[in-house]
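What follows is each chain in one-letter form.
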Amino acid sequence: GSLKMLNDLALAYFVTNDEEYALQYKAILLSFISHNPCCVGVHWSVPGESALREILLLFTLPLMFASPHLDLEFFQVVLQYLMKAALYYESELTIADHPRMHHMLTMAAAVLGIAGIFQTLTPCQRMSASAKASIEQHIGTVVLQDGTSSSESPCIGLVVTEVCLAAKIFLERVGSQFSEGFQKLVASSVRAIHLLADTNYHLPRIGDVLPDNLFSFSILNREQRNESILRFGSVLYPVHEAEPQATPADIVRWLVLGDQATLSTNESDSATVSIIELPYGGYYGISDESVQLIIKASSIANPGIKIPGHEDIFSFEYTVEGVPLFTDAGSYSHYLDPDIARRMRSVVKHNTSYIDNLPLAERNPEQITKADTTKPNLLDWQCNGDQLKFSAQHYSYVRLADPVICKRSMLWQREGTLLRIKDEFFGGDYHQIVTNFHLHPDVTAIEHTPTEWYLAAGDLKFRMIFEVSADLYKISLQDSLYAPSYGLLQQSKRINLICKDRLPAFYRIEVIRL
């Protein structure tokens, strides 16, 4: 129901002028409209997601204007469909308690774009003004001050950025502009996505993932879609102060052809070390061509939702020379298997620790998760490009009869490619502590001694050493699941550390490249 194939057909027609693509575009769109009346059926059940379809349609239609097969009757049907969709989304915008606040932006952007087509009509001028006001109202809730997404997901943050860029274009088409506050937040969002993306423009898989981007500009290499979106955003909101301005023709060539039409960028960008410090979103780390280490240290409370998000406090991803070593398990799918979806969100599927087999936050449908217990307290953060120090603690388990405070400290050094992790647990009674380290499916792990393991990934080899304060502990290799992308699952492995001791207790882990 996303009609993403229309994106490829429109771009293919734009490049080749082959009418076969136009005929396919027309047939698919008319078939969808006839079989999916507005507001009826599964393809309309989540309006915040279905609105992405209309935004995409508004961008692909102009690429098809040259086709003689798209006649007046075709456009009458499509415009009637779009107007009904706009009225539906406008009514949904009056509902204040949507389960995902970024859906408010998506629906408002769709209304803004559709109303712009009929801008000479007074009712549509009212719709446009109302949609603009809704975006201005909700942008501060969806995009945090450092540009990260309040959904605690870089992937959703990217789609939010795409929606905001589309809304900016829609509004400027009718001669209006968003406020300075909106412009600053979207510029921050573009910069945050640039920081979190690695040198291949892949985003961390922390938090929820989505089936695809809103836009997929490059028809020659779908793997370039993140890169083309970020370059497009950087033209509207330059990431580097001295970034050269590209012409519209340059942008179109890049978006369609990718690497075969180079768009000017900052020459030093690829060699720059990115120090990731996004305190509102809770992302800390370092990224360059040789390493990417990203630590998640934020509340897992979802504003307005009565269940927590991914239980990933202090989880991290670690990649060396483009080879993922420790990775988040991913999200799989929200709909294909609800049980697996819940498991992938649980603390067991993240690179962090938990106490007494209890989740990090209670899932009580009668009360909203309290951010004051799940939000970590940052104790130390230093990074100069050659060394990273991070230390924070959270209070998710102070709800226990014997309250427990969890602290994680991490040290990374470029020299020797060294990663040290120390987890400390403060309390006064006996507790069971479990920690998982999820390995990428391409990583193999071999036990040398109970506290010394060897990891191999391609030509890279590492030694992983454990020091545990408890007398009673076990380190083992266990089966796990890994979702490389939305809707896909692979078998993987995780190193599991389980110990039981009277608190306070600690363990240290050292990962050294051989």
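Rules used in this analysis
Residues numbered from 1 in each chain as written. Predicted model: local features only at pLDDT ≥ 70, side-chain atom pairs only at ≥ 80, totals over all residues. Heavy atoms only, no water. Helix = DSSP H or I, 4+ residues; strand = E, 2+ residues; numbered from the N terminus. Buried < 20%, exposed > 50% of the residue type's maximum accessible area, 1.4 Å probe, protein only. Contact = heavy atoms within 4.5 Å. Areas by Shrake-Rupley, 256 points an atom, 1.4 Å probe, with all protein chains shown as cover. Core = buried A, V, L, I, M, F, W, Y, C linked by side-chain atoms within 4.5 Å. Pairing = 2+ DSSP bridges. 1 Å grid on protein atoms, 1.4 Å probe; cavity = no way out; pocket = protein on both sides within 12 Å on 5 of 7 lines; lining within 4 Å. Points joined across faces, edges and corners; volume = space filled by probe spheres on them. Expected span 1.5 Å × (residues − 1). Axes fitted to C-alpha atoms, helices over the stretch in contact; angles between N-to-C directions. Salt bridge = Lys/Arg side-chain N within 4 Å of Asp/Glu carboxyl O. pLDDT = per-residue confidence, 0-100. Arc of directions from axis to C-beta. Parallel < 35°, antiparallel > 145°, perpendicular 65-115°, else oblique. Left-handed = near helix turned anticlockwise from the far one by under 90°. Nonpolar A, V, L, I, M, F, W, Y, C, P; charged D, E, K, R; others polar.

Counting its regular elements, the chain contains 12 helices and 17 strands. When the 514 residues of the chain are sorted by exposure, 54% land in the buried category. For the chain, the proportion of contacts with a sequence separation of at least 24, taken over those separated by at least 6, is 68%. Accessible surface, the chain: about 22000 Å² in total, of which carbon and sulfur atoms supply 53%.

This part is about the nonpolar core. By size, the foremost hydrophobic cluster in this structure holds 66 residues, and its most contacted members are Tyr 25, Leu 29, Leu 57 and Tyr 89. Broken down by secondary-structure element, the contributors of at least two residues to this core are helix H1 (4-16), helix H2 (19-35), helix H3 (47-60), helix H4 (72-92), helix H5 (102-117), helix H6 (122-142), helix H7 (154-173) and helix H8 (180-196). In this structure Tyr 25 touches Leu 6, Leu 9, Ala 10, Leu 57, Thr 60, Leu 61, Met 64, Leu 70 and Phe 74, once residues within four positions along its chain are discounted.

This brings us to the pairing of strand E4 (residues 316-320). For E4, a buried count of 5 out of 5 residues is recorded, marking the element as mostly surrounded by other parts of the structure. As judged from the 5 bridges shared by strand E3 (residues 291-296) and E4, these two strands associate in the antiparallel manner. Its bridge partner being in E4, Leu 293 is matched across the sheet by Tyr 318. For E4 and strand E5 (residues 323-326), the ladder comprises 3 bridges, and the chain directions are antiparallel. Bridge pairing in E5 places Tyr 318 opposite Phe 326.

This part takes up empty space enclosed by the protein. Across all of its chains, the model carries 3 cavities of 30 Å³ or more by this definition. Within this model, the second largest cavity holds a volume of roughly 50 Å³. Together, Gly 147, Thr 148, Ser 149, Ser 153, Pro 154, Gly 157, Thr 161, Ser 189, Ala 192, Ile 193, Leu 196 and Tyr 283 line the second largest cavity. The set of elements that each furnish at least two residues to the lining of the second largest cavity consists of H7 and H8. When residues in the lining of the second largest cavity are grouped by element, the largest group, 4 residues, is from H8.

Its 14 residues place the ends of H3 20 Å apart at the C-alpha level, agreeing with the 20 Å of an ideal helix rising 1.5 Å per residue. Most of H3 sits inside the fold, with 12 of its 14 residues counted as buried. What H3 keeps buried is the set Pro 47, Gly 48, Ser 50, Ala 51, Arg 53, Glu 54, Ile 55, Leu 56, Leu 57, Leu 58, Phe 59 and Thr 60. Looking at the packing, one finds that the buried side of H3 touches H1, H2, H4, H5 and H7.

A few words now on the sheet that holds strand E14 (residues 460-468). Spatially, the 8 strands line up as an open sheet ordered E7-E8-E9-E10-E17-E14-E13-E12, and their pairing is antiparallel. Every interior strand has two partners, whereas the edge strands, strand E7 (377-383) and strand E12 (444-449), have only one. Pairs of neighbouring strands in the sheet enclose a mean axial angle of 15°, with direction left out of account. As paired elements, E12 and strand E13 (residues 452-457) share 5 bridges and run antiparallel to each other. Paired with Glu 447 across the two strands is Trp 453, which belongs to E13.

A few words on the pattern of salt bridges. Considering all chains together, one arrives at 16 salt bridges under this definition. Note that Arg 126 is salt-bridged to Glu 90, the shortest N-O span being 2.8 Å. With a gap of 36 residues between them, Arg 126 in helix H6 and Glu 90 in helix H4 connect regions that are remote in the sequence. Looking at Arg 126, the relative accessible area reads 46%, which means it is partly exposed. Between Arg 513 and Glu 321 there is a salt bridge; the shortest N-O distance is 2.8 Å. Here Glu 321 lies in the loop between E4 and E5 and Arg 513 lies in strand E17 (residues 505-513), a separation of 192 residues in the sequence. Overall, the relative accessible area of 43% leaves Glu 321 in the partly exposed class. When salt bridges that share partners are traced, they join Asp 288, Asp 386 and Arg 414 into one network.

With that out of the way, let us pick up the confidence of the model for the chain. Per-residue confidence for the chain gives a mean pLDDT of 84; residues scoring 70 or more make up 84%. By mean pLDDT, helix H10 (residues 248-257) is the weakest element of the chain at 48, and strand E10 (residues 418-426) is the strongest at 97. Taken as a whole, residues 240-244 scores under 50 in pLDDT and shows 5 contacts with residues more than four places along the chain or in a different chain. In the predicted structure, residues 253-270 sits below a pLDDT of 50 and forms 36 contacts with residues beyond four places in sequence or in another chain.

Let's shift gears to unusual backbone geometry. Cis geometry marks the peptide bond from Leu 503 to Pro 504, where omega comes out at 10°. Its location among the elements puts Pro 504 in the loop between strand E16 (490-502) and E17. Positive phi values are uncommon outside glycine, yet Asn 17 reaches one of about 60°. Within the fold, Asn 17 resides in the loop between H1 and H2. Residue Asn 17 is classed as exposed on the basis of its relative accessible area, which comes to 52%.

For H2, built from 17 residues, the straight-helix expectation of 24 Å at 1.5 Å per residue is met to within 8% by its first-to-last C-alpha distance of 24 Å. Among the residues of H2, those classed as buried are Ala 22, Tyr 25, Lys 26, Leu 29, Phe 32 and Ile 33. For H2, the angular spread of the buried residues around the axis is 140°, confining them to a single face. Exposed side chains of H2 directed beyond 90 degrees from the buried face belong to Ser 34 and His 35. Where H2 is buried, its residues meet H1, H3 and H4.

The next thing to look at is the packing of H1 against H2. Here H1 crosses H2 at 155°, and the two axes come no closer than 8 Å. Classed by the angle they form, the pair H1 and H2 counts as roughly antiparallel. Here H1 runs over H2; the crossing is left-handed. Contacts from Met 5, Leu 6, Leu 9, Ala 10, Ala 12, Tyr 13 and Thr 16 of H1 reach H2 at Glu 19, Tyr 21, Ala 22, Gln 24, Tyr 25, Ile 28 and Leu 29. The residue inventory of the contact of H1 with H2, partitioned by class, reads 11 nonpolar, 2 polar and 1 charged.

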